[in-house]
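# Structural features, examined
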Amino acid sequence: MNKWEDNKAWFLVIPVFLIVAVSAIIPLMTVVNYSIQDIFGPDNRIFVGIEWYQEALSDHRLHAAFQRQLLFSGLVLLIEIPLGILIALTMPKRGWGASLSLVLVALPLLIPWNVIGTIWIIFMRPDIGLLGSAINGLGIPFDHTAASLDAWVTVMLMEVWHWTPLVVLMAYAGLQAIPEAYFQAARIDGASAWSVFRYIQLPKMRGVLTIAILLRFMDSFLIYAEPFVLTGGGPGNSTTFLSIYLVKQAVGQFDLGPASAFSIIYFLIVLLACWIFYQALLKVGTGDKQ
Amino acid sequence: MNLTWMAWTLPTAIFFIAIVSILTAMTIWQIKAPSAERKGFLPISTTPGDRLFIGLLSSAFIHLAWIGLTTLNLWIAFVIALIWIIVLMRWG
């Protein structure tokens, strides 16, 4: 390849670089600038140093939101990954049944996030909602707008309904990619269904499952629209996750300085999690078993 | 171009100039003398770029831990982070 072709490649990269610069790097720089100042207006700002960081790191509401977020993301992974694998295992492998089940499974993924929240508000209403009134009809008092546990159950149900299909599709793709020869060999050896899963299907799905875990962790860690529409972070603060708390602080109270400091901390945590998962993905890619 | 809306301050300008300078220097270094991955005391094989990223990210957490856990001067954390990055780049 000569030098001119190399340079042409650079021209193709420049637009992407500019888009990333405008959409990510410049706003991030601005947030860093805001995080060390008390901003009253464009020309009215006071340098406060690390004060907002000290405030954010000692803010018990932020700690609580962080714990809630970790619990939420942990539960998401604990439920969605095994459930996704289970559904993928039971789906038809070929024929019209395979196509139909793929379309049906993918449906929740096509609905916009804020619409999902609205659907579940109506679905879970104790008076007119299909599921909400059914649960109350069984004699179990259920109201996601009044009880913290009910709100959590509703948010988890919504999240699992919305995003398990992604895990299903990925696990299904992983299962379909396993050569038939493995299953034939297992049948000859008289392997049980569990052994086939444990020693053939699960190891072969390792790559796609790592990506699924990465995507679900990151998405759930950054979740905002669905719980905000469904519960608004309530009742009380029981479903106020990190991003909801951040928006309340920045938009609701217009505390741009503290919200910026908190954003930087949030960004660093997400960056760390991304890097850890990226390393895990690299290991999967190179087939490193350690 | 009017950059008032970005609310620049001298410390943040110095911070970003330092980051850009480090990245530029690393890029020039890589072009002049391309380096290979190697294994140091870190549990993974890394290039100098990887080690710089790990160093910068961990330095940010060192500073945050310092702010959250102590009331001591932040410059001490800065010196610790600087030593950590140097150790990481050399033996990581």
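Placed above this text is the structure.
A short tour of the structure in this document, coming up. All values reported here derive from a predicted model rather than from experimental measurement. (Residues numbered from 1 in each chain as written. Chains lettered and ligands numbered in written order. Predicted model: local features only at pLDDT ≥ 70, side-chain atom pairs only at ≥ 80, totals over all residues.)

Across its full length, chain B holds three helices and zero strands. Secondary structure elements in chain B, listed N-terminal to C-terminal, are α-α-α. Here the C-alpha radius of gyration of chain B, 16 Å, is well above what a compact globule of 92 residues would show, namely 12 Å. Expressed along its principal axes, the backbone C-alpha trace of chain B runs to roughly 40 × 40 × 15 Å. Excluding contacts between residues fewer than 6 apart, the proportion of contacts in chain B whose partners are at least 24 apart in sequence is 51%. (Helix = DSSP H or I, 4+ residues; strand = E, 2+ residues; numbered from the N terminus. Rg over C-alpha atoms; globule rule 2.2 N^0.38 Å. Contact = placed C-beta atoms within 7 Å.)

Now for the interface of chain B and chain A. Contact residues are listed per partner, giving 17 residues for chain B and 21 residues for chain A. For the side of chain B that touches chain A, the per-class residue count stands at 13 nonpolar, four polar and no charged. (Nonpolar A, V, L, I, M, F, W, Y, C, P; charged D, E, K, R; others polar.)

The subject of this paragraph is the pairing of strand 1 (residues 37–41) of chain A. Here is the key point about a regular strand: its side chains alternate between the two faces of the sheet. Residues and elements named next belong to chain A. In this sheet, strand 2 (residues 44–47) lies alongside strand 1 in antiparallel orientation, the contact comprising four bridges. When the sheet's bridge partners are listed, Asp38 is paired in strand 2 with Ile46. What sits between strand 1 and strand 2 in their antiparallel hairpin is a turn of two residues. (Pairing = 2+ DSSP bridges.)

Turning our eyes to something else, we now look at the environment of Gln54 of chain A. Structurally, the position occupied by Gln54 of chain A is in helix 2 (residues 51–57). By C-beta crowding, Gln54 of chain A is classed as partly exposed, having 15 other C-beta atoms within 10 Å. (Buried ≥ 20, exposed ≤ 12 C-beta atoms within 10 Å, placed from the backbone.)

On to unusual backbone geometry. The bulk of non-glycine residues show a negative phi, and the bulk of peptide bonds are trans. Residue and element names in this part refer to chain B. One non-glycine residue, Ala7, lies in positive phi territory at about 55 degrees. With respect to the helices, strands and loops of the structure, Ala7 is situated in the segment before helix 1 (10–32). Ala7 sits in the buried class, given 23 other C-beta atoms within 10 Å.

Residues and elements named next belong to chain B. On the secondary structure map, Ser21 appears in helix 1. A residue is classified by how many C-beta atoms lie within 10 Å of it, and Ser21, with 10 of them, is exposed. Taking the C-alpha atoms as reference points, Ser21 and Leu64, 43 residues apart in sequence, are found 23 Å from one another.

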